[in-house]
Amino acid sequence: MRALLWVVGVVGGALILLGLLLEAARWLVIIGLIALVAVIVLAFVKGRQSVRSRR
C-alpha cells in the first residue's frame, strides 16, 4: 500500500509540474492536486488504522 501511495504522489507532483510548464493544460494541475489530496487522505487514514491496531 505504501508503494501505491508513493506512485500516486509522484504522478500527482509530476502532473502539477507539467501543468505549470504547459500553462494551457490547466486540467493537469487540477488532476495533480486531486491526486495529492487523495494521497494525503489515504496516508492519514492508514496512519490512524495502524495506530488503532497497535493498541
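What you see is a predicted model; the values in this text were computed from it and never measured.

## Structural notes on helix α1 (residues 2-21)
Part 1 of the reasoning: In this model, α1 (20 residues) spans 29 Å end to end at C-alpha, consistent with the 28 Å of a helix rising 1.5 Å per residue.
Part 2 of the reasoning: For α1, the set of buried residues is L5, G9, G12, L15, I16 and G19. Here the buried residues of α1 occupy an arc of 130 degrees about the axis, which is enough to place them on one side. Along α1, exposed side chains directed more than 90 degrees from the buried face belong to A3, W6, V10, L17 and L21.
Part 3 of the reasoning: In this structure, the buried side of α1 is in contact with α2 (26-54).

## With respect to the packing of α1 against α2
Part 1 of the reasoning: Where α1 contacts α2, the axes come no closer than 7 Å and their chain directions differ by 155 degrees. Considering their axes alone, α1 and α2 lie roughly antiparallel with respect to each other. Here α1 runs over α2; the crossing is left-handed. Note on element contacts: α2 touches α1 through L28, V29, I31, G32, L33, A35, L36, V39, L42 and A43, opposite L5, V8, G9, G12, G13, L15, I16, L18, G19 and L20.
Part 2 of the reasoning: Of the residues that constitute the contact of α1 with α2, the class distribution is 15 nonpolar, five polar and no charged.

## Topic: the environment of G19
Part 1 of the reasoning: Tracing the backbone shows G19 in helix α1.
Part 2 of the reasoning: Given a relative accessible area of 4%, G19 falls into the buried group.
Part 3 of the reasoning: Once the C-alpha coordinates of G19 and I30 are considered, the two residues, eleven residues apart in sequence, prove to be 8.6 Å apart.

## Points about the UniProt feature "transmembrane region" (unreviewed entry) in the chain
Part 1 of the reasoning: The UniProt record marks residues 5-21 and 27-45 with the feature "transmembrane region" (unreviewed entry), using the residue numbering of this structure.
Part 2 of the reasoning: Taken end to end, residues 5-21 is 100% helix and 0% strand, and its first and last C-alpha atoms sit 24 Å apart.
Part 3 of the reasoning: Within residues 27-45, the helical portion is 100% and the strand portion 0%, while the C-alpha atoms at the span's ends are 27 Å from each other.

Rules used in this analysis
Residues numbered from 1 in each chain as written. Predicted model: local features only at pLDDT ≥ 70, side-chain atom pairs only at ≥ 80, totals over all residues. Heavy atoms only, no water. Helix = DSSP H or I, 4+ residues; strand = E, 2+ residues; numbered from the N terminus. Expected span 1.5 Å × (residues − 1). Buried < 20%, exposed > 50% of the residue type's maximum accessible area, 1.4 Å probe, protein only. Arc of directions from axis to C-beta. Contact = heavy atoms within 4.5 Å. Axes fitted to C-alpha atoms, helices over the stretch in contact; angles between N-to-C directions. Parallel < 35°, antiparallel > 145°, perpendicular 65-115°, else oblique. Left-handed = near helix turned anticlockwise from the far one by under 90°. Nonpolar A, V, L, I, M, F, W, Y, C, P; charged D, E, K, R; others polar. UniProt positions renumbered as here; feature names shortened; annotations may be inferred.

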